[in-house]
Amino acid sequence: MTDTTMSAPSRPASKSSRPGTLALLLNNTLATSGLVVLVLICLIALAAPILPLEDPDVTAPANRLLPVFAEGHLLGTDHLGRDILSRLIWGTRVSLAVGLSATIIAAFFGSLLGLVAGYAGGRTDTLIMRGIDMVMAFPYILLALAIVAVLGPGLLNALYAIALVNIPFFARNIRGITLGLSRREFVDAARLSGKSPVQILFLEILPNVLPVIVITMSTTVGWMILETAGLSFLGLGAQPPQADLGSMLGEGRKILFTAPHVSIIPGLMIFALVMSINLFGDGVRDILDPRLRAGSLTRPVSRTAVHRKADDIPSPSEKGGVLDVRQMRTEFEIGSSVYKAVGGVDLNLKEGECLGIVGESGSGKSVTAMSIMGLVPTPPGRIAGGAAYLDGEDLFAASDRRIRDLRGGSVAYVFQDPLSTLHPLFTVGDQLTEAITTHRPLSGSKAREKAIELLSLVRIPNAKERLSAYPHELSGGMRQRVCIAMALANDAKVLIADEPTTALDVTVQSQILTLMNGLRRERNAAILFITHDFGVVSALCDRVAVMYAGRIVETGTTEEVLANPRHPYTAKLIECVPVLGEPERRLDAIEGRPPVVNNLPEGCAFAARCPHAQAACRAGEIELEMSSDTRGVRCLFPLNSGAAV
Amino acid sequence: MNEISQKPMDREALLTIRDVERIFGGGRKLFGGHLPAVHAVQGLSLDVKKGETLGVVGESGCGKSTLARLVVGLDLPTSGSITFNGEDLAALAKKDRNALSRKVQYVFQDPVASLNPRKTIRTILEAPLKHLTDLNADRREARLAELLQAVNLAPEFLERYPHEFSGGQAQRIGIARALAAGPELIVLDEPVSALDVSVQAQVLNLLDKLKDDFGLTYIFISHDLSVVESVSDRVAVMYFGRMAELGPAREIFRHPLHPYTDLLMRSAPAPGRHDLMSEDASAELPDPYNPPKGCAFAARCAHRTDICVAGKPAPDEATGGNDHIAACYHPLGKA
Ligand SMILES: Nc1ncnc2c1ncn2[C@@H]1O[C@H](COP(=O)(O)OP(=O)(O)OP(=O)(O)O)[C@@H](O)[C@H]1O
Ligand code: SF4
Ligand code: SF4
Ligand SMILES: [Mg+2]
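Starting afresh in each chain, residues are numbered from 1 along the sequence in its written order. As a convention, the first chain written is A and the first ligand written is 1, with the rest following in written order. Local features in this predicted model are restricted to residues whose pLDDT is 70 or higher, and side-chain atom pairs enter the listing and the counts only when it is 80 or higher, whereas totals over whole chains, interfaces and linings include all residues. Note: side-chain values were computed over all heavy atoms of the structure, leaving out hydrogens and water.

A cis amide bond, omega 5 degrees, links Pro240(A) with the succeeding residue Pro241(A). For Pro241(A), the position within the fold is in the loop between helix H9 (197-233) and helix H10 (245-253). Non-glycine residue Phe240(B) carries a positive phi angle of around 55 degrees. Helix and strand definitions here come from DSSP, where helices need a minimum of 4 consecutive H or I residues and strands a minimum of 2 consecutive E residues; each element is numbered from the N-terminal end. For Phe240(B), the location among the structural elements is in the loop between strand E9 (234-239) and strand E10 (242-248). You will see that Asn322(B), though not glycine, has its phi angle at about 55 degrees, which is positive. Within the fold, Asn322(B) resides in the loop between strand E11 (318-319) and strand E12 (325-326). Note on classification: 1.4 Å probe, protein chains only; a residue is buried when its accessible area is under 20% of the maximum for its type, exposed when over 50%, partly exposed between these limits. Look at Asn322(B) and you get exposed, because its relative accessible area is 52%.

Residues and elements named next belong to chain B. Among the nine residues that make up helix H2 (residues 64-72), seven are buried, leaving the element largely enclosed by the rest of the structure. Along H2, the residues that are buried comprise Lys 64, Thr 66, Leu 67, Ala 68, Leu 70, Val 71 and Val 72. The first or second residue beyond H2 is Gly 73, which carries a positive phi of 80 degrees.

Here we take up the sheet that holds strand E8 (residues 494-498) of chain A. Residues and elements named next belong to chain A. Pairing between two strands requires that DSSP report at least two bridges joining them. Taken in spatial order, the eight strands make up an open sheet running E7-E8-E9-E4-E10-E11-E13-E12, and their pairing is mixed. Edge positions in the sheet fall to strand E7 (411-414) and strand E12 (625-626), since each has one partner strand and no second. As paired strands, E8 and strand E9 (residues 526-531) are joined by five bridges and run parallel to one another. When the bridges of E9 are listed, Ala 497 appears paired with Phe 529. With respect to the sheet, helix H19 (residues 476-488) is in contact with E7 and E8, its orientation differing from that of E7 by roughly 170 degrees. What makes two residues a contact is simply this: any of their non-hydrogen atoms within 4.5 Å. In this description, a line fitted to the C-alpha atoms serves as the axis of each element, helices being fitted only across the stretch in contact, and the angle between N-to-C directions of two axes falls anywhere from 0 to 180 degrees. Sheet strands in contact with helix H23 (residues 568-575) are strand E10 (543-548) and strand E11 (551-557), and its direction is about 100 degrees off that of E10.

The next point concerns the pattern of salt bridges. Between Lys or Arg on one side and Asp or Glu on the other, a salt bridge is scored when a side-chain nitrogen of the former is within 4 Å of a carboxyl oxygen of the latter. A complete count under the given rule lists 39 salt bridges over all chains for this structure. With a closest N to O distance of 2.9 Å, Arg543(A) and Glu353(A) form a salt bridge. Placement of the pair is Arg543(A) in strand E10 and Glu353(A) in the loop between strand E3 (337-349) and strand E4 (354-358), with a sequence separation of 190 residues. Like Glu353(A), Arg543(A) is buried. Residues Glu141(B) and Arg122(B) are paired through a salt bridge, measuring 3.0 Å at the closest nitrogen-oxygen approach. Here Glu141(B) is found in helix H6 (residues 137-150), whereas its partner Arg122(B) is found in helix H5 (residues 121-132), with 19 residues between them in sequence. Owing to a relative accessible area of 36%, Glu141(B) belongs among the partly exposed residues under this scheme. Counted as one network, the salt bridges with shared partners bring together Asp57(A), Asp78(A), Arg82(A), Arg87(A) and Glu251(A).

So, on to the site of ligand 1. Residue and element names in this part refer to chain A. Taken together, 15 residues are adjacent to ligand 1, and Ser 361, Gly 362, Lys 365, Ser 366 and Val 367 come closest. Think of a polar contact as two N or O atoms within 3.5 Å of one another; within protein, one of them needs to be a possible hydrogen donor and the other a possible acceptor, and neighboring residues in sequence only count if both atoms come from side chains. One of the backbone nitrogen or oxygen atoms of Gly 364 is found 3.0 Å away from an oxygen atom of ligand 1. Within the side chain of Ser 366, a nitrogen or oxygen atom sits 2.6 Å from an oxygen atom of ligand 1. Contact with the protein chains hides 68% of the accessible area of ligand 1, taken as 640 Å² for the molecule alone. For the shell around ligand 1, the secondary-structure elements that each account for two or more residues are strand E2 (323-334) and helix H13 (365-372). Each residue is tested against the molecule or strand, and it is near if at least one of its non-hydrogen atoms lies within 4 Å. All accessible-area figures derive from a Shrake-Rupley calculation using a 1.4 Å probe, and residue coverage is judged against the displayed protein chains alone.

Residues and elements named next belong to chain B. Counted residue by residue, strand E8 (residues 217-222) has six buried out of six residues, so it is predominantly covered. Here E8 shows a buried face lined by Thr 217, Ile 219 and Ile 221 and a second buried face lined by Tyr 218, Phe 220 and Ser 222. Relative to E8, strand E3 (residues 53-57) is paired through five bridges, and the arrangement is parallel. Bridge pairing links Val 56 to Ile 221 in E8. A crossover connection joins strand E7 (residues 185-189) to the parallel E8 through helix H8 (residues 197-214); in handedness this β-α-β unit is right-handed. Here a crossover is taken to be right-handed if, once the strands point away from the viewer, the path from the first strand over the helix to the second is traced clockwise.

This brings us to the site of ligand 3. Every residue close to ligand 3 is listed here: His258(B), Pro259(B), Cys295(B), Phe297(B), Ala298(B), Cys301(B), His303(B), Cys308(B), Cys328(B), Tyr329(B) and His330(B). Charged residues are taken to be Asp, Glu, Lys and Arg, nonpolar residues to be Ala, Val, Leu, Ile, Met, Phe, Trp, Tyr, Cys and Pro, and polar residues to be all remaining types, Gly included. Taken together, the residues of the shell around ligand 3 sort by class into eight nonpolar, three polar and no charged.

This part takes up the environment of Gln509(A). By the secondary structure assignment, Gln509(A) is in helix H20 (residues 506-523). Looking at Gln509(A), the relative accessible area reads 7%, which means it is buried. For Gln509(A) and Gly477(A), which are 32 residues apart along the polypeptide, the C-alpha to C-alpha distance reads 7.6 Å. If we skip the residues at most four places from it in the chain, Gln509(A) touches Thr501(A), Leu504(A), Val536(A) and Pro269(B).

These figures come from the coordinates and say nothing about function on their own.
Take a look at the structure:
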């Protein structure tokens, strides 16, 4: 989304620290150089009337074909003795004007058709799109030629022809976008607000399509200039003596060998013009694309950057365990602010154990999970401190190669959305066998056997037949089971599951939970299970860690924490869950919102929402106080502490 | 008991749905033959009484949202009738959309997606006031302030854009928009499922308060049984486009008649609950393009007998007390 101008009274300061549109564009050297060249050409073309140029159309047979740098003719003269520099500048002016006008005409009509077709749908859509298809069925230049043939040669007619043949391009692009937008909920909402279809189309949808129209224009204007030049080159566009880049090229062609500069100069100009426009257009597209905006225009690397001080690496804890995370900190640097998404997390997982991480959205659960195997995108993310030990091996110090081996091998992930993990164009079998063979050298048939075994392990009926199914042919629950099968392909020691059942229906969720519970008992795998649902934790986890603003605020065995929460946040969080069979229970909401992690308050992050907060809570670090081996709470005045009551 | 269940018209019904069916697809192809058709909603009859909250539960794809869209007139039934206060809704929607929108409003599942990213909150909230009411500019301004107050948002939010809001705040704006024109019935389509539990509780409490303050009637759609139980007076359980069970919330949750309702309840995780009921992995939803002849739940049902497979049970095949009905030949608790 472009940075819309806003005049909200108290806009969060973090907004302004995001790089602006212009800053982003200037960051892209290619686009910037395109812009510079383009501006230069445009300025010169615009200034043509006031520049000390000869009349471009005055012939002087005596001065025919003067070479470049001739006296009084910087770029020489053409076969009629006209000054090439003058013709070049005036010709560029014409070409630019024609290209731009054609683009605007094509964009206007094409977008209009696309908008109407996409929004109206049904018969209107079919009618418009079949018409467009018919136009597109003819080879492009042939159609333009035919139109000019009918209308007669001339610059204006060439303009119409070029505009016309480009309408389908716009119409198709815009229709696609409009179609998607018309199904969006805000369009339904506008209908229910009493807006008429015309108002919806032009006041609700158009503003959202506009960036796409601009992008399409910026990427096509170059081609349109080229096409106009093409028509003029064939003698169908600009008529003599008017200069335009195409006709200059055409005239020079006949004497290409005797006086090459006559055609090479306009050719170079066309090249420079089209090139600069396209480079700039691509830059504009990249910037208007919201996905590219957030993380500047650099490519994320395949592993999270690690920036920690060499003398500040915590050693493994005495508890041992398969996975031992110590004081892990992960930060995102966006613009000038640093978001401390994970602020010193300790986790410890033993074989066959399931640890649940619970917390509200944005509390840093996913970032914690992804940091362990370096899956947080860099930029903007980085691991700023701490260590993660897998069987004693420091994962943040391991080589990229080693991490690649471990990912999907000893440590496997299951994500919330199975469709984003599975490739839509490969069968389940292909993807499973690939997951198997990347980690060990098995023959095709062996791998296939193993794949069938895995599918039956996750209780997919007819495992053999299902191998040739594509992901979209499976139900949501089956897809998630396939993802779990992939995660188990290489006998993972640690399974990290990030809300694997959130998108599923309750009955399917209970199947998956039962399945995971069985698997960890059979295979002795440790599970790190991330969820926001205490009910799910109860069903599966031995221990639970509650996260708030990037830190663990309470940890303990699931029974203890649920029955006797000690941190006020945990208590509140449990209270706001509606429980089946207790409809009378008043839901006790937590007022306010979690703090934003780029500006954490001093002391307890929960203080602003805590009913027990006191002055001491707002000063200094509060440690996670461990009262037993497993139980700990990060609070100065914990609840139910016996002595305090 | 049976008598009451067959004459629900006795009570004051705000919305009456009779034998409603909505079929998607099924048109003719360009070159002969029919396109496959899906019955999204089938043989659905129910009443919504004035001032109540009717909860609708069911799993994804069971037709909950289709039902919601039919009620607000965003979609029209293929057959059957929906009447609002005695007026035919489909006719009303065709004749004067806005008249319908003045009476029935909708709150969307995805709070952020239901707000146009390029409009300020003021523009979004003003739209229904402009198009559905005849308030002048001053009165509109006053109404905006009232609305924001009602949903607990600070007035300075008016000039901001949707992406600056959290999910809970965005959903409050969606609720304010639905309230703007003073509707009688609001359809809430999974209004809290995109929200965190803490925020969910805030929004549920808010909805409760608004209902009292403005004398509203709600249709509350959700896949979360515990949420539905905590807000509803009556509950409708849907399965595969049909009504599986309908009755007072208490009855349904204490003594479910339909095996599907029972399965839903036993699958729902709750804090402190370890033993989730889990079916066989082979339990699959029926194919919508090739619907079973008998009870749609038969493939997953432990109580299935031959009659279940032979023909569909009527919506009120089984009855309990207080208008409690279920589409099942062998209801639970009635051996
Ligand atoms: N790629 C990213 N770029 C910038 N900030 C990010 C990125 N990913 C996460 N964050 C920030 O890190 C913090 C923690 O996010 P995280 O995704 O871990 O939350 P979560 O607890 O998993 O929430 P949810 O329940 O919504 O999944 C948030 O403030 C988030 O905005
Ligand atoms: S430290 Fe203080 S503010 Fe924080 S949770 Fe404990 S009592 Fe509340
Ligand atoms: S009708 Fe038969 S198959 Fe269907 S739910 Fe009842 S017992 Fe089960
Ligand atoms: Mg997450």
